[in-house]
Every structure is written in structure tokens, then in C-alpha cells.
Amino acid sequence: MTAANDVSAGRVTAKPLDYPAVVKECGLTALVMFGLAAGMVAFRIRDVPGGLEIATRFGSVVAITVIGFFGRLAMVLLREGRPFPVLVTALPFAVVMLAALSASRFVEPETAALVEGYLPFGDVVVNWIITIVAFVLAGRAVWALRHTGASARTVSDREEAMDAFAARIQRMARFLGPVLLASAIVLPLLAFAPNLPFLPKVDRRLLDIGILVLTYVMLGWGLNIVVGLAGLLDLGYVAFYAVGAYSYALLATHYDLSFWVCLPFAGLMAATAGIILGFPVLRLRGDYLAIVTLGFGEMIRIILLNWYDFTNGPDGISGIARPSFFGLPFLRKPPEGVETFHSFFGLTYAPIDRIIFLYYLILTMALITNVFTLRIRKLPVGRAWEALREDEIACRSLGINPRNTKLTAFSIGAMFSGFAGSFFATRQGFISPESFTFIESAVILAIVVLGGFGSQIGVVLAAIILIGLPEFFRELQQYRMLAFGAAMVLIMIWRPAGLLAHREPTIRLPEIAKGKSRSGGDAAEAAP
């Protein structure tokens, strides 16, 4: 099948379609969709009075197969420069779907049930996703019709445009960063503000979401040292998170130590685990490194699960001490002779005070991680990480020791993960191996990849999108991994380095003044 781009003329022109090839391509796509749907959608076990039964959903399988065929056909037509058939089919379909979905929400239950019977799927979320995709295809067709005859942009042109966009975003980060920081600082204070229409309602749930997002921001910044700066793909980062959490929990419960005393030890233990991991993988790169780190993360989880005498196994560790405000606990009724936070400051006891304190604590820890990362990038070890990321062989030729460079990246990144793990333990008050599964590593890595390798502000935006937004839509939690997969695929297609990735040298050699340099050079050449 020939492409639709006439490179010599620089115009998008339609050429005769190879219909057998088009039908074959769409048919193969439909066959793959049918195979996946037959195993994942066709049968479902559901609860019924007296036991369980297997429910069949063959209608959904047929709908998925048909949508897969025509969806692929629409993409082929757009690729071959024929957007008009896509527009006249996708737009009416999207409008009808939107009307049906809207009508099912505002009509009587009997009428709503009748309308929903004509929708492709019984799940309203899936129907909305199909509607949005149809609108996207129609919009892409409209764009293609309006730009017919314009010069076609090549892949390199699109990459240059994305690089320029990312560079502008990085420059805007000088202003976006302070705005996000100011918003993060002011957010807990709105809990005490009167209910005003232009201010968000801040309650414990919103603060808990903020604490969760900031925890993943800190984890993302720590992993960004390993993956974004040093270029070492780590799929077992959650292992260091677990080491920090269990280190703090064991020290606090067995030796009755406070959070502030255990925090450095948790980071030290996680850094030691990073060095232990680093030694066996010094000669590995790429996929092999990812496989070994993935195995290391699972090893830590299995050890925590089976070493019952030390870690309490699957029962976990409970009763973990909460942090205090310089020795002032957040308790309603403290022990005899102990002064609490609210009594010391003459306040009325409020449970939200402890949540606000935890929020500012993780915010401070995340900011320290950010400042440390920005500073260390300008040091020789930070520039060695960036050089190692670009070309390890060139690093060796320049006299950089790759072994020490990798070990420092693993240990420092693991240290911040240990700090975050200790905060997680003290915030939850209970930890178990089930909190440190591979999915946590995948989520943290997704934040770094989507935000952009080496981009600090990108990690923040990705954490807000991937962690914060799903918390506001808990009913869509079952589609979280679907959203992750779709986002990763789109990023790999359009922006492999991440949304805001923009690799520039951390430190540039100072530019020599042009007039001074040239005049001096001319004078030297003119001298006898």
C-alpha cells in the first residue's frame, strides 16, 4: 500500500487504495480484538442468591470486534488522505452516542433503560470512551480537510516542534513552579477560611489527596535521579520504599524512637539497599537492567512476606508512632505530664491539625528532594550522571568511573525513596508487604516517563494527573490501569522522552565575547 504523501510535490494527495490490503489490515485488527475480548469480556462470574453463576456477554464481544474493524478503517483512511468518509461517519455516530448518553441521565428510569439498551455496551464509562474517540477521529478528519494541499510535516518536523514546545514549557516552569508551590502552601490554610464561592472547599479528604500526590512527587523526583539523570531503568524502586518504611516501623516499635530520630536511619538503610542492588548490575544495561531490578523488588517483597519473626509477615506492623511537632503530640487526651500541640498554643483540639502537619511535613521533604536534585545536577557527580545517560563508552574515555557513578545514582535515589517510605509508615500507622507491590514501581515509573526524563516540573504535573485526578473519580478506579496503558502508548508514539523532556546541558561553558575574541585573534594574526 502506497503512502499518501507526495514528497516531491510536498503536498498531501490521495492515491488509489489497495482495497484487499486495507480489508486485510482491518480484518487482522478485528481478529485480534475478537481474541482479546473472547477471553476477557465474554464470560463474567457474578453473585446471585445461593451462589455464583457465569454470565455471558457475547454481544459486547461482537461490538468490540465491529468497532475495532471500523476504527482501524478510519485510521487507514486518514493515513491515506481520505478524511471525508471518516467525517461523515464518525461525527454522526459521536453525536448519536452523546445524545443517547445524555438522554439516559435526564429521562425517566423506564425510558433510560430503553435508551441504554441501544448503546453498544452496558458500562456507561466504556460508552463515553467510545464517544470521545469518535469525536477525536471526526476532529482529525476536519483538520485534514482544512489542511489539504498544505505542506506535509515529516516526523523530524513534528519532533522539532515538540522539542520547541517542551523548551517553552521548561522556560515557563520558572513561573509555573512558584505558582504550584504557592498553591501547595496556601491549600491547607483554606480549611479555616469561610465558605466562599471562588475558593475550593478544603476538607480532610482533599488534604489526604494532597499528601498522597506529594508522596508520589517525592518518589518521582527520587526515581528521576536514577532514570532521568543517570539513564538507569529501575523497575524495582518500590523495594527501597519498602526498606525505608520497614526500617522506620521496626525502629519505632521495638526501640520507641521518634520519627525524627528514625528518619535518617530509614534513608541510610534504603541507600545501603541501593548500593547492594547496584553492585550486581554494574555491567547491565537497558532491558537486562530492568529485569534484574524487577527481580530485586520482588525479592524484597517476598522476604518481607515470609520472614515472619522479623517483619510480622502478612500480618504487617501496626501501632507505628506518629510524628510530633517538636515533641508536641497531636492527641486529645495525652498521658500525665505530656503537653499537646493544641494545649501549648491555646487552641481547641481538632483532628485536622495532624493532617495539616503531615501535609506540610511531606511538602517540606519533597521540596528538600527537589532542591537537592537541582543542586547536585550542577556538581561533577550530576554531570557524570548525565554523561552516563548519553554514552557510557564516552564516559570511560573521559576518565569517568561508571561503577562509582551508577552506585551514587542508585544510593541517592534509594535514600529519598527510604525517606518517603518512612513518611508513609508514620502516616498510615500500619504497613504490610501488600503495600509494596510491583504496581507501585510501575506507577512511579509512569510518573517519570509521562512527565519527561529529567524534568522536575514534569514529575509534578504527571503526579497530579495520574494520582490526584483518579482520587476524585473513585468510581472509575477499575479503569486506572487502562488509562495508564493508553497514556504510555500515546507517549511512546508522540513523545518518547516524555511530555516536558528537554535535554539541555546543566552547565554550559561561558561564551566568549565575540568582539573581544575576534579582535584579539585578528591582532594576533596581524602581528609579525
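Residues numbered from 1 in each chain as written. Predicted model: local features only at pLDDT ≥ 70, side-chain atom pairs only at ≥ 80, totals over all residues. Heavy atoms only, no water.

**Brief notes about the overall build of the chain**
Then step 1. Looking only at helices and strands, one finds 20 helices and six strands in the chain.
Then step 2. Each of the 528 residues in the chain was classed as buried or not, and the buried ones make up 41%.
Then step 3. Once local pairs closer than 6 in sequence are excluded, the contacts in the chain between residues at least 24 apart make up 73%.
Then step 4. Accessible surface computed for the chain: about 29800 Å², of which carbon and sulfur atoms make up 67%. (Helix = DSSP H or I, 4+ residues; strand = E, 2+ residues; numbered from the N terminus. Buried < 20%, exposed > 50% of the residue type's maximum accessible area, 1.4 Å probe, protein only. Contact = heavy atoms within 4.5 Å. Areas by Shrake-Rupley, 256 points an atom, 1.4 Å probe, with all protein chains shown as cover.)

**Concerning the side chain of Ser455**
Then step 1. Assignment of secondary structure puts Ser455 in the loop between helix 17 (438–451) and helix 18 (456–472).
Then step 2. Here the side chain of Ser455 touches Gly458 through a polar contact of 3.0 Å, landing on its backbone nitrogen. (Polar contact = N/O pair within 3.5 Å; in protein donor to acceptor, adjacent residues only side chain to side chain.)

**A word on the environment of Asp315**
Then step 1. Along the polypeptide, Asp315 turns up in the loop between helix 11 (308–311) and strand 5 (317–318).
Then step 2. In sequence terms Asp315 and Ser432 are 117 residues apart; their C-alpha atoms lie 6.7 Å from each other.
Then step 3. Dropping the residues within four chain positions of it, Asp315 is found in contact with Tyr308 and Phe430.

**Regarding the packing of aromatic side chains**
Then step 1. This model, assessed by the stated rule, comprises 15 aromatic pairs.
Then step 2. Each ring, one from Tyr359 and one from Tyr360, has its centre 5.7 Å from the other, and the planes form 80 degrees; the classification is edge-to-face.
Then step 3. Overall, the relative accessible area of 3% leaves Tyr359 in the buried class.
Then step 4. On the accessibility criterion, Tyr360 (25% relative accessible area) is partly exposed.
Then step 5. What links up through ring pairs into an aromatic cluster is the set Tyr241, Tyr246, Phe424 and Phe436. (Phe/Tyr/Trp six-rings, centres within 6.5 Å; stacked < 30°, edge-to-face > 60°.)

**Looking at helix 2 (residues 58–79)**
What sets the pattern is the α-helix's 3.6 residues per turn: residues three or four places apart point alike.
Then step 1. The end-to-end C-alpha distance of helix 2 is 32 Å, a good match for the 32 Å that 22 residues give at a rise of 1.5 Å each.
Then step 2. Every buried residue of helix 2 is listed here: Ser60, Val61, Ala63, Ile64, Thr65, Gly68, Ala74, Val76, Leu77 and Leu78.
Then step 3. Looking at the residues trailing helix 2, positive phi occurs at Gly81, about 80 degrees. (Expected span 1.5 Å × (residues − 1).)

**Brief notes about the nonpolar core**
Then step 1. Within the largest apolar cluster, 90 residues are counted, with the highest numbers of intra-cluster contacts made by Ile431, Phe436 and Ile447.
Then step 2. Looking at which element gives the most residues to this core, the answer is helix 7 (residues 204–229), with 16 residues.
Then step 3. In contact with Ile447, other than residues within four places in its own chain, are Tyr216, Val459, Ala462, Ala463, Leu466 and Ile467.
Then step 4. Leu17, Ala74, Leu137 and Ala141 belong to the second-largest nonpolar core, a separate cluster that totals ten residues. (Core = buried A, V, L, I, M, F, W, Y, C linked by side-chain atoms within 4.5 Å.)

**Observations regarding the pairing of strand 3 (residues 43–48)**
Then step 1. Sheet topology note: the strand 3/strand 4 (residues 51–56) ladder contains six bridges and is antiparallel. Residue pairing across strands places Phe43 opposite Thr56, the latter belonging to strand 4.
Then step 2. Count of turn residues in the strand 3/strand 4 antiparallel hairpin: two residues, of which Gly50 carries a positive phi of about 100 degrees. (Pairing = 2+ DSSP bridges.)

**Some thoughts on the confidence of the model for the chain**
Then step 1. Scored by pLDDT, the chain has a mean of 79; 80% of the residues are at 70 or more.
Then step 2. The low-confidence segment residues 1–12, where pLDDT is below 50, has 31 contacts with residues more than four positions distant or belonging to other chains.
Then step 3. Taken together, the stretch residues 513–528 has pLDDT below 50 and engages in one contact with residues farther than four places along the chain or on a different chain. (pLDDT = per-residue confidence, 0-100.)

**Observations concerning the pattern of salt bridges**
Then step 1. Inspection of every chain in the model, using the stated rule, returns nine salt bridges.
Then step 2. A salt bridge links Glu25 to Arg79; the nearest nitrogen and oxygen atoms lie 3.3 Å apart. Here Glu25, found in helix 1 (residues 19–40), pairs with Arg79, found in helix 2; they are 54 residues apart in sequence, far enough to count as distant.
Then step 3. Glu25 gets classed as buried once you look at its relative accessible area, which sits at 17%. (Salt bridge = Lys/Arg side-chain N within 4 Å of Asp/Glu carboxyl O.)

**Observations concerning helix 17**
Then step 1. With 14 residues, helix 17 extends 20 Å from end C-alpha to end C-alpha; this agrees with the ideal 20 Å at 1.5 Å per step.
Then step 2. Within helix 17, burial applies to Glu440, Ser441, Val443, Ile444, Leu445, Ala446, Ile447, Val448, Val449, Leu450 and Gly451.
Then step 3. Positive backbone phi, at 120 degrees, marks Gly452, one or two positions downstream of helix 17.

**Notes on the environment of Arg403**
Then step 1. Mapping Arg403 onto the fold places it in helix 16 (residues 402–428).
Then step 2. For the pair Arg403 and Arg283, spaced 120 residues apart in sequence, the C-alpha to C-alpha distance is 8.5 Å.

**With respect to the packing of helix 7 against helix 16**
Then step 1. Remark: helix 7 packs on helix 16, axes separated minimally by 7 Å, with the N-to-C direction vectors making an angle of 165 degrees. Considering the angle they form, helix 7 stands roughly antiparallel to helix 16. Crossing handedness for the pair helix 7 and helix 16: left-handed. Residues Asp208, Ile211, Leu212, Thr215, Met218, Leu219, Gly222, Ile225 and Val226 of helix 7 lie in contact with helix 16, whose contacting residues are Ala409, Phe410, Ile412, Gly413, Phe416, Ser417, Phe419, Ala420, Phe423 and Arg427.
Then step 2. A breakdown of the residues in the contact of helix 7 with helix 16 according to their chemical character gives 13 nonpolar, four polar and two charged. (Axes fitted to C-alpha atoms, helices over the stretch in contact; angles between N-to-C directions. Parallel < 35°, antiparallel > 145°, perpendicular 65-115°, else oblique. Left-handed = near helix turned anticlockwise from the far one by under 90°. Nonpolar A, V, L, I, M, F, W, Y, C, P; charged D, E, K, R; others polar.)

**Quick word on a nonpolar patch on the surface**
Then step 1. A cluster of nonpolar side chains, namely Leu91, Val95, Leu98, Val124, Trp128 and Phe135, defines an oily patch on the protein surface of about 450 Å² accessible area.
Then step 2. Mapped onto the nonpolar patch, the elements with two or more residues apiece are helix 3 (83–106) and helix 5 (124–146).
Then step 3. Along the chain, the position of Trp128 falls in helix 5. (Patch = residues over 30% accessible without salt bridge, like charges linked within 9 Å, V, L, I, M, F, W, Y side chains within 5 Å.)

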